[in-house]
Amino acid sequence: MKHVVVTGGCGFIGSNFVRQQLAEYPDRQIINLDLLTYAGNPLNLKDVADSPRYSFHRVDICDRPAVDAVLEDLPGDETAVVHFAAESHVDRSIADSGPFIRTNIVGTQVLLDACRHSGVSRFVQVSTDEVYGSLGDEGWFVEDTPLDPSSPYSASKAAADMLVQSYCRTFDFPGMITRCSNNYGPYQFPEKLIPLFISRALDHERLPVYGTGKNVRDWIHVTDHCRGIDAVLASGQPGRVYNFGGAAEVQNLELTKLLLQLLDRPESLIQFVADRPGHDHRYAIDFSRARTELDWSPQVTFEQGLRETIDWYRSHQDWIDGIRSGEYRNWIDRQYGERLEPDTAS
Ligand code: NAD
Ligand code: TYD
C-alpha cells in the first residue's frame, strides 16, 4: 500500500498511528485529514510535520467536495483509509450529542461514499468496545456480542460501524472494523481519565472519581492498539470485525490510587463526585480472533506503560499548558465546576 489516508491524525491515537506508519514503512505516503477541533493538535505531529512522506489537509470529513479533492489525486488501488476522526469523549456526548451525530455518523457516511467513489482498496473503521454496552462482573466482549450502546458517543460509533458493515454487504466495500478497549499513552487529551488525573495530580488538584469508583475498564497502550490497526490494514478480511484489548482490567479507584502512588501524591486528593449518567459498569475484551488470525497480542504491560506515560506527561508540561487554557478550562468548569473542592495547593 503506497498511500495511507488517515482521518483524525492530529488526535491522540491518530497521531501515534501516523508516527508509527512513517517509522515502519519508508515507502509509504501518509495523508492526514483533520478538522482540528478542540481535540486535534498539530503539535502532536510536530516532529514529523516536515517529512516529505507526510501531508496535512485541514478537512471536515462531513464536507464531501473537500474529501473528494484529496482522494481524487490518489490511485484507488494503492490507497487505504484509516478512519479515526470522531468526537470521542463520553461526557461531552452527554452534555451535547449534536457534534457526535454529525461527525461520527454523517461524517462516516460521507467518507464511505467518497471512498467508494474513488475506489480505495482498504478501509479501516477505528471503533470501540463501548458499542457492546456494559458487562457485569463476569465475561468478555467477543466480536459477535450484540451492539447495545449506553451513551450518545457509543451509539454514534455503533451507527457508524453498522454503516461500514452495510457498505461491505451492499456494495462489496473493502471495509474492516476494529473495536478496542480504553487507550492510554502519550498525546492523550487531558479530558480522559488517565491524562486528566496525571495532569491534575501533578498540579496538586483534586481527582474527581465518578460514583463509587468500582467501574472497571480494560486498558491498552496506544502503541499496541496502533500495531493492531496496522495488522488489520495488512491482513484483515473485508467485512470482518476485530477486537483489541490490553488484558489489563482495573477498577477506577484502584487505578486512581496507583497513579497517586506513582506520582507521589496523597490519596486525600481523591474526591468522589456524582456518577456519570448511564455509566457502563465494566468493559473486558476477548481478543482471541486478533491473536489467532493476525498474530497480535498486547506487548506493553500496564504498570510499565503507566510509568512511561507519567514520565511523558511530566516532561511535556508545555504541551499540557498549551491545552489547559481557553476551551479546555471552560469544559472543566462546566463538567466539574462546584463539585470539586479547592485544590490542596491553593
Ligand atoms: P481524539 O478526540 O483524541 O481525536 C479525534 C480527532 O478527530 C481530532 O484530531 C479531531 O480534530 C478530529 N476530528 C473531529 N471531528 C472531525 C471532523 N468532522 N473532520 C475531521 N477531523 C475531525 O480521539 P482518539 O482518542 O484519538 O480516538 C480516535 C478514534 O479511536 C475515535 O474514532 C474513537 O472513537 C476511537 N477509539 C478511541 C479509544 C480511546 O480510548 N481513546 C478507544 C477505542 C476507540
Ligand atoms: P474515560 O477516560 O472518560 O473513558 P470511557 O468513558 O470511554 O471509558 O473514563 C474512564 C473511566 O473513568 C470511566 O469509568 C469513567 C471514569 N471517570 C471518572 O471517574 N472521573 C472522570 O473525571 C473521568 C473523565 C472518568
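What counts, and where the lines are drawn
Residues numbered from 1 in each chain as written. Chains lettered and ligands numbered in written order. Predicted model: local features only at pLDDT ≥ 70, side-chain atom pairs only at ≥ 80, totals over all residues. Heavy atoms only, no water. Pairing = 2+ DSSP bridges. Helix = DSSP H or I, 4+ residues; strand = E, 2+ residues; numbered from the N terminus. Axes fitted to C-alpha atoms, helices over the stretch in contact; angles between N-to-C directions. Buried < 20%, exposed > 50% of the residue type's maximum accessible area, 1.4 Å probe, protein only. Near = heavy atom within 4 Å. Polar contact = N/O pair within 3.5 Å; in protein donor to acceptor, adjacent residues only side chain to side chain. Areas by Shrake-Rupley, 256 points an atom, 1.4 Å probe, with all protein chains shown as cover. Nonpolar A, V, L, I, M, F, W, Y, C, P; charged D, E, K, R; others polar. Contact = heavy atoms within 4.5 Å. Right-handed = clockwise from strand over helix to strand, strands pointing away.

Caption draft 1: A look at the sheet that holds strand 6 (residues 175–180). Reading across the sheet, the 7 strands line up as 3-2-1-4-5-6-10 and stay open at both edges, with parallel pairing between neighbours. A single partner strand is all that each edge strand has here, and the edge strands are strand 3 (54–58) and strand 10 (241–244). Between one strand axis and the next, the sheet turns through 20 degrees on average, direction left out of account.

Caption draft 2: Fine view of the pairing of strand 2 (residues 29–34). Among the 6 residues of strand 2, 5 are classified as buried, and the element is accordingly described as predominantly covered. Where strand 1 (residues 3–7) meets strand 2, 5 bridges bridge the pair, whose relative direction is parallel. Of the residues in strand 2, the one forming a bridge with Val4 is Ile30. In terms of strand pairing, strand 2 meets strand 3 through 5 bridges, oriented parallel. Within strand 3, the position partnered with Leu33 by the bridge is His57.

Caption draft 3: Summary view of the site of ligand 2. The immediate surroundings of ligand 2 are formed by 20 residues, with Glu130, Pro208, Arg276, His279 and Tyr336 found nearest. Within the side chain of Asn182, a nitrogen or oxygen atom sits 2.9 Å from an oxygen atom of ligand 2. Between an oxygen atom of ligand 2 and a main-chain N or O atom of Tyr210, the distance comes to 2.8 Å. Relative to its free-state accessible area of 510 Å², ligand 2 is covered by the protein chains to the extent of 97%. Of all the secondary-structure elements, those providing two or more residues to the shell around ligand 2 are helix 3 (90–95), helix 6 (193–202) and strand 8 (207–210). Taken together, the residues that form the shell around ligand 2 break down as 9 nonpolar, 5 polar and 6 charged.

Caption draft 4: Here's a closer look at the environment of Tyr187. Tracing the backbone shows Tyr187 in the loop between strand 7 (182–184) and helix 6. On a C-alpha basis, the gap between Tyr187 and Trp319 in space is 8.6 Å, while along the polypeptide they are 132 residues apart. For Tyr187, the residues in contact, after removing those within four places along its chain, are Phe12, Ser15, Asn16, Arg19, Leu43, Asn44, Trp312, Tyr313 and Trp319. Separated by 3.5 Å, the side chains of Tyr187 and Arg19 make a polar contact.

Caption draft 5: How the structure looks around the pairing of strand 5 (residues 122–128). The buried fraction of strand 5 amounts to 7 of the 7 residues, a majority that puts the element mostly inside the structure. Note that the unit made of strand 5, helix 5 (residues 152–171) and strand 6 has a crossover that is right-handed.

Caption draft 6: A look at unusual backbone geometry. Phi is positive for His204, close to 60 degrees, though the residue is something other than glycine. Topologically, His204 is positioned in the loop between helix 6 and strand 8. Residue classification places His204 among the partly exposed positions, given a relative accessible area of 35%. One non-glycine residue, Asp264, lies in positive phi territory at about 60 degrees. Along the polypeptide, Asp264 turns up in the loop between helix 8 (252–263) and strand 12 (270–273). On the basis of relative accessibility, which here comes to 66%, the residue Asp264 falls in the exposed class.

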